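Now for the letters of each chain:
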Amino acid sequence: MSKGLFKISPGFEDVMPAEYKELVNNGPYGKDLGVSDLGTFKELIEEHPLCAGCAEALALRLILASLPNSEDTVIVGSTGCSSLLFPQVAVQNIHSLFGNQNAVATGLKRALRLRFPDKVKDVLVIAGDGATVDIGLDMVMQSWFRRELITTIMLDNEVYANTGGQESGMSPQGAVLHMAPLGKKFPKVNLPEIAREAGCAYVATISPALPRRLGKVVRRAILVAREIGPSYVQIFCPCPTNFKWPSAQVLQKIRDRQKEGIFKVREYVSPEAEAYLAGLEVVKQHDEEQ
Ligand SMILES: Cc1ncc(C[n+]2csc(CCOP(=O)(O)OP(=O)(O)O)c2C)c(N)n1
Ligand code: SF4
């Protein structure tokens, strides 16, 4: 893949906004970056439409800074708050119909392997909890059963945020939301456990309050999905707008929930994936530097 992935069409150099020119001239391609490098390159245009303090936006920036091979990565998104950000990132991405993301990613990954047999092409799904655990669960699980070599990342904001606050399978029991005024009656779906049982070789839960660990987890998940099997990362990023938290308190709320044991950081690595990762010297070095 050319490092000049995003280009300004000839004749438009003078009229393109300065921040887009910066994205073109200082994107992440061909650099070995990690979350510690955020701020030294341009991964996202400033004026994105997500709310102030949105933990999904933070998680997305950290994911973008952790891709091991950004110029040869395609992200498959789904309808939801995160999809508003995708048109403005410096990575190739596809928008899929709500819930279809793992089916689209499966076809794409297979096609890329046929078209570029000698190249590594990473395919990453990034979708909300509604798209992953509710409407898309069938296709998510079928991709795991078949051991498709893709990474699935759920942005777990614990609500259908983009449509105004319905409860999702990931809303905690008792959660009172804009459109669930009586409180949710059932506990959160344990998707990490389901992912492990369904055949994922690497499963992790993490939050943007732990940026370096998030970077490490995303990197490991993508590397495992190259060779060993599907991987799943669940990022706890509750929605301040729907839970009515002040923007500046989101990370503290996440840390509080971790202290209370409501949110737990977890990592499952299959023995095969463990051996594979241990053999990748370059991963170890990078992880130590972060
Ligand atoms: C096929 C289809 N069904 C329903 C919708 C309506 N819809 C758009 S966004 C959304 C909720 C998204 O929730 P989630 O996946 O949790 O992402 P979030 O917005 O919370 O980040 C729904 C139901 C749609 N756009 N397409
Ligand atoms: S509604 Fe919630 S998840 Fe959506 S952009 Fe706003 S803070 Fe983020």
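So, here is what we can say about the structure in this document. (Residues numbered from 1 in each chain as written. Chains lettered and ligands numbered in written order. Predicted model: local features only at pLDDT ≥ 70, side-chain atom pairs only at ≥ 80, totals over all residues. Heavy atoms only, no water.)

## Some points on the pairing of strand 3 (residues 122-128)
A regular strand places its side chains on the two faces of the sheet in alternate fashion.
Consideration 1: Of all the 7 residues making up strand 3, 7 are buried; the element is thus mostly covered by neighbouring parts of the structure.
Consideration 2: Side chains of strand 3 alternate between two faces, with D122, L124, I126 and G128 and V123, V125 and A127 buried alike.
Consideration 3: Looking at chain direction, strand 1 (residues 73-78) and strand 3 are connected through 5 bridges and run parallel. The residue of strand 3 that forms the bridge with V76 is V125. (Buried < 20%, exposed > 50% of the residue type's maximum accessible area, 1.4 Å probe, protein only. Helix = DSSP H or I, 4+ residues; strand = E, 2+ residues; numbered from the N terminus. Pairing = 2+ DSSP bridges.)

## Quick word on the site of ligand 1
Consideration 1: By nearness alone, 15 residues border ligand 1, and E56, G130, N157, V159 and A161 come closest of all.
Consideration 2: Taking E56, its side chain carries an N or O atom lying 2.8 Å from an oxygen atom of ligand 1.
Consideration 3: A distance of 2.9 Å separates an oxygen atom of ligand 1 from a polar backbone atom of C81.
Consideration 4: Relative to its unbound accessible area of 590 Å², ligand 1 is 77% covered by the protein chains.
Consideration 5: The dominant element in the shell around ligand 1, judged by the number of residues it contributes, is helix 4 (residues 129-135), at 3 residues.
Consideration 6: A per-class count over the shell around ligand 1 returns 6 nonpolar, 7 polar and 2 charged. (Near = heavy atom within 4 Å. Polar contact = N/O pair within 3.5 Å; in protein donor to acceptor, adjacent residues only side chain to side chain. Areas by Shrake-Rupley, 256 points an atom, 1.4 Å probe, with all protein chains shown as cover. Nonpolar A, V, L, I, M, F, W, Y, C, P; charged D, E, K, R; others polar.)

## Remarks on the nonpolar core
Consideration 1: Counting residues in each nonpolar core, the largest one holds 47 residues, and the members touching the most others are I63, L124, I126, I153, L155 and I235.
Consideration 2: Counting only elements with at least two residues in this core, the list comes to helix 2 (55-64), strand 3, strand 4 (151-156), strand 5 (202-206), helix 7 (211-227), strand 6 (231-236), helix 9 (250-259) and helix 10 (271-278).
Consideration 3: W144, A195, A198 and Y232 belong to the second-largest nonpolar core, a separate cluster that totals 12 residues. (Core = buried A, V, L, I, M, F, W, Y, C linked by side-chain atoms within 4.5 Å.)

## A word on the site of ligand 2
Consideration 1: Close contacts around ligand 2 come from L50, C51, C54, C81, N157, A161, C239, P240 and T241, and that covers them all.
Consideration 2: Split into classes, the residues belonging to the shell around ligand 2 amount to 7 nonpolar, 2 polar and no charged.

## A few points about helix 3 (residues 101-115)
Consideration 1: In this model helix 3 runs 21 Å from its N-terminal to its C-terminal C-alpha over 15 residues, within 8% of the 21 Å that 1.5 Å per residue would give.
Consideration 2: By the burial criterion, the buried members of helix 3 are Q101, N102, A105, T106, L108, K109 and L112.
Consideration 3: The inward-facing, buried residues of helix 3 abut strand 1, strand 2 (92-96), strand 3, helix 4, helix 5 (137-145) and strand 4. (Expected span 1.5 Å × (residues − 1). Contact = heavy atoms within 4.5 Å.)

## What about helix 10?
Residues separated by three or four positions in an α-helix point in the same direction, a consequence of the helix having 3.6 residues per turn.
Consideration 1: Three or more residues of helix 10 are buried, namely A273, Y276 and L277. Buried residues of helix 10, seen end-on, are gathered within an arc of 95° and therefore sit on one face of the element. Of the exposed residues in helix 10, those oriented more than 90 degrees away from the buried face are P271 and A275.
Consideration 2: Where helix 10 is buried, its residues touch helix 7 and strand 7 (266-269). (Arc of directions from axis to C-beta.)

## Describing the packing of aromatic side chains
Consideration 1: Inspection of the entire model under this criterion finds 4 aromatic pairs.
Consideration 2: Aromatic side chains F236 and F263 sit 4.7 Å apart centroid to centroid with 15° between the ring planes, which places their arrangement in the stacked category. Remark: F263 occurs in the loop between helix 9 and strand 7 and F236 occurs in strand 6; sequence separation between them is 27 residues.
Consideration 3: The ring of F116 has R115 lying over it, and the distance from NZ or CZ to the ring centre is 4.6 Å.
Consideration 4: Directly above the ring of F116 sits K121, whose terminal nitrogen or CZ lies 4.3 Å from the centroid. (Phe/Tyr/Trp six-rings, centres within 6.5 Å; stacked < 30°, edge-to-face > 60°. Lys NZ or Arg CZ within 6 Å of the ring centre and 35° of its normal.)

## Brief notes about the packing of helix 3 against helix 5
Consideration 1: As a packed pair, helix 3 and helix 5 sit with axes 7 Å apart at the nearest point and diverge in direction by 35°. Listed contacts from helix 5 to Q101, N102, A103 and T106 of helix 3 are M139, V140, S143 and W144.
Consideration 2: Residues that form the contact of helix 3 with helix 5 fall into these classes: 4 nonpolar, 4 polar and no charged. (Axes fitted to C-alpha atoms, helices over the stretch in contact; angles between N-to-C directions.)

## Some details on the sheet that holds strand 6
Consideration 1: Spatial strand order, 2-1-3-4-6-5-7: 7 strands in an open sheet with mixed pairing. Two strands lie at the open edges of the sheet, namely strand 2 and strand 7, each paired on one side alone. Neighbour-to-neighbour, the strand axes of this sheet turn through a mean angle of 15°, independent of strand direction.
Consideration 2: Two elements, strand 4 and strand 6, share 6 bridges in a ladder whose sense is parallel.

## Some details on the packing of helix 7 against helix 10
Consideration 1: Running from N to C, helix 7 and helix 10 cross one another at 105°; their axes reach a closest spacing of 10 Å. Judged on the interaxial angle alone, helix 10 and helix 7 are roughly perpendicular. Across the interface between the two elements, R220, L223, V224, R226 and E227 of helix 7 pack against A273, E274, Y276 and L277 of helix 10.
Consideration 2: Per-class residue counts for the contact of helix 7 with helix 10 are 5 nonpolar, no polar and 4 charged. (Parallel < 35°, antiparallel > 145°, perpendicular 65-115°, else oblique.)

## Examining the pattern of salt bridges
Consideration 1: What the rule picks out here adds up to 10 salt bridges.
Consideration 2: The partner of R110 in a salt bridge is E148, with the nearest N and O atoms 2.6 Å apart. In this pair, R110 sits in helix 3 while E148 sits in the loop between helix 5 and strand 4, placing the two residues 38 residues apart along the sequence.
Consideration 3: Its relative accessible area of 7% is what places E148 among the buried residues.
Consideration 4: A salt bridge links E148 to R146; the shortest N-O distance between them is 2.7 Å.
Consideration 5: Look at the salt bridges and you will find they share partners, linking R110, R146 and E148 into a network. (Salt bridge = Lys/Arg side-chain N within 4 Å of Asp/Glu carboxyl O.)

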